[in-house]
Amino acid sequence: MEGAPLDKVREQAHKFAAKMRELATDGYIVYDIQEEKGRTTDPRPFPFRRMGDPCEFAALLKSASGKDSIVYKCVAEHVGEESFQDWSARTAKVNGVTLLNLVGGASSAVTYTGPTMSDAAAVVHKNGVVFGGVTIAERHLKKKNEHLLLGAKAEMGSKWFITQAVYNADPMIEVINEYGTLCKSEKKIPKKIILTFAPCGREKTMKFLHWLGVSVPVATEKAILEAENPVATSVNMLCDMLTRILKETAGSNVTFGINIEHVSIFKEEVASTFDLFRRMQNIVMDNRGIAYAVRYSPLLSLNNSKKKEKKQQTGLAFIYIAFVVGIFFGRKN
């Protein structure tokens, strides 16, 4: 939360790191939560609570876990390009964050004060920061140009793309295949696409997914909300979606990562993300068609000094899996 004491924030980072130790993650994603007033005229299902600087939390999380985070940054919310330049320089030099996911405003109907995406990309590049962007398959349903936007963002320097929560495999498959075809025609290697999945176990969370612009087919929503165990049903359906996406985009030459998140603090949804992570990890690795092993390395005690933390880093599994943090009562743009 914005204004929370540093000791409290540090404690939360250590608690999260300790909880994540049972999962073989490559790293984490920390979101830049915005109110997103222009997204829709519908009321926000969950109240907005302003958070502190996500880069500060990412720095604390790396100290606690030894793992890097990709930090979302809404460039549109800055007041002028100079403000963003100052923030970018401080982020890299003070917080040591070198992985950003740049996003624009929530609505094209709103006039924002921050820099354009291309200007923001140039700024972070000067500061030695590697960055990616977002891809929203739902936009492709209307405009049929999401693959072109990915190509343009790649030209700006984006190294990866992260989707919003996937609940409709059809547009996602179409975007991936058309992006792969575009790259092939231009003789370019496609950037990695990180697919995001979030369990849903109640009507209020489903309303929030709709508010966020997530496409949920009527049959899918009905199957989840009318199930005896909605959360477990959503996890099963999401795993089936991932399997289908991997199968039907096999010829695209696009590589994938997986990001597991929860969009509410509903206890059952939070708990189910662990099961979803493990199952999707197996699906991704099995899809590679080669033998693999997930290895765990011992971690330092949380009481060890910073000097020792820098000397001995946590071993990372050779998989492209991310587990999300910083999403309480919010979501990415």
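Everything discussed here concerns the structure shown above.
No experiment lies behind these values; they were computed from the predicted model shown.

**Let's talk about the pairing of strand β2 (residues 69-74)**
- Within β2, six of the six residues are buried, which leaves it mostly tucked inside the rest of the structure.
- Neither face of β2 is exposed, since Ser-69, Val-71 and Lys-73 on one face and Ile-70, Tyr-72 and Cys-74 on the opposite face are all buried.
- Bridging between strand β1 (residues 27-30) and β2 involves three bridges; their strand directions are parallel. Bridge pairing links Val-30 to Val-71 in β2.
- Crossover β2 to strand β3 (residues 99-103) through helix α3 (residues 81-95) is right-handed.

**A look at unusual backbone geometry**
- Located in the positive-phi region is Lys-144, a residue other than glycine, with phi close to 55 degrees.
- Phi is positive for Asn-253, which is not a glycine, with a value near 70 degrees.
- Of note, Asn-253 is situated in the loop between α10 (230-248) and β7 (256-260).
- For Asn-253, a relative accessible area of 56% translates into the label exposed.

**Describing the side chain of Lys-67**
- In this fold, Lys-67 is placed in the loop between α2 (54-65) and β2.
- With no salt bridge to any partner, buried Lys-67 finds its closest opposite charge in Asp-26, at an N-O distance of 6.9 Å.
- Of note is the side chain of Lys-67, whose polar atom sits 2.8 Å from the side chain of Thr-25.

**Things to note about the packing of aromatic side chains**
- Under the definition given, this model contains five aromatic pairs.
- An angle of 25 degrees between the planes, with centres 5.8 Å apart, marks the rings of Phe-84 and Trp-87 as stacked. Taken together, the residues span about one helical turn, with Phe-84 and Trp-87 both in helix α3 at a distance of three residues.
- Among the residues examined, Trp-87 registers a relative accessible area of 4% and is labelled buried.
- The interplanar angle of 20 degrees and the centroid separation of 5.9 Å between the aromatic rings of Phe-208 and Trp-211 together place this pair among those described as stacked. Placement of both Phe-208 and Trp-211 in helix α8 (residues 203-211) is noted, with a separation of three residues, approximately one turn of the helix.

**Description of the pattern of salt bridges**
- Counted according to the given criterion, the structure contains twelve salt bridges.
- Of the charged contacts in the structure, one is a salt bridge between Arg-10 and Asp-7, with a shortest N-O distance of 3.1 Å. With Arg-10 and Asp-7 both in helix α1 (residues 6-20), this residue pair falls three residues apart, about one helical turn.
- For Arg-10, a relative accessible area of 29% translates into the label partly exposed.
- Across the pair Glu-186 and Lys-188 runs a salt bridge, and its minimum N-O distance is 3.5 Å.
- Looking at Glu-186, the relative accessible area reads 42%, which means it is partly exposed.
- Linked through salt bridges whose partners overlap, the residues forming this network are Glu-155, Glu-186 and Lys-188.

**Some details on helix α7 (residues 169-185)**
- Between the first and last C-alpha of α7 there are 24 Å, a value that for 17 residues agrees with the 24 Å anticipated at 1.5 Å per step.
- Listed as buried for α7 are Ala-169, Pro-171, Met-172, Ile-173, Val-175, Ile-176, Tyr-179, Gly-180, Leu-182 and Cys-183.
- Between a side-chain oxygen at the N-terminus of α7 and the backbone nitrogen of Asp-170 the separation is 3.3 Å; the capping residue is Asn-168.
- After α7 finishes, the residue Lys-187 shows a positive phi value of roughly 55 degrees.

What counts, and at which threshold
Residues numbered from 1 in each chain as written. Predicted model: local features only at pLDDT ≥ 70, side-chain atom pairs only at ≥ 80, totals over all residues. Heavy atoms only, no water. Buried < 20%, exposed > 50% of the residue type's maximum accessible area, 1.4 Å probe, protein only. Helix = DSSP H or I, 4+ residues; strand = E, 2+ residues; numbered from the N terminus. Pairing = 2+ DSSP bridges. Right-handed = clockwise from strand over helix to strand, strands pointing away. Lys, Arg positive; Asp, Glu negative; His and termini not counted. Salt bridge = Lys/Arg side-chain N within 4 Å of Asp/Glu carboxyl O. Polar contact = N/O pair within 3.5 Å; in protein donor to acceptor, adjacent residues only side chain to side chain. Phe/Tyr/Trp six-rings, centres within 6.5 Å; stacked < 30°, edge-to-face > 60°. Expected span 1.5 Å × (residues − 1).

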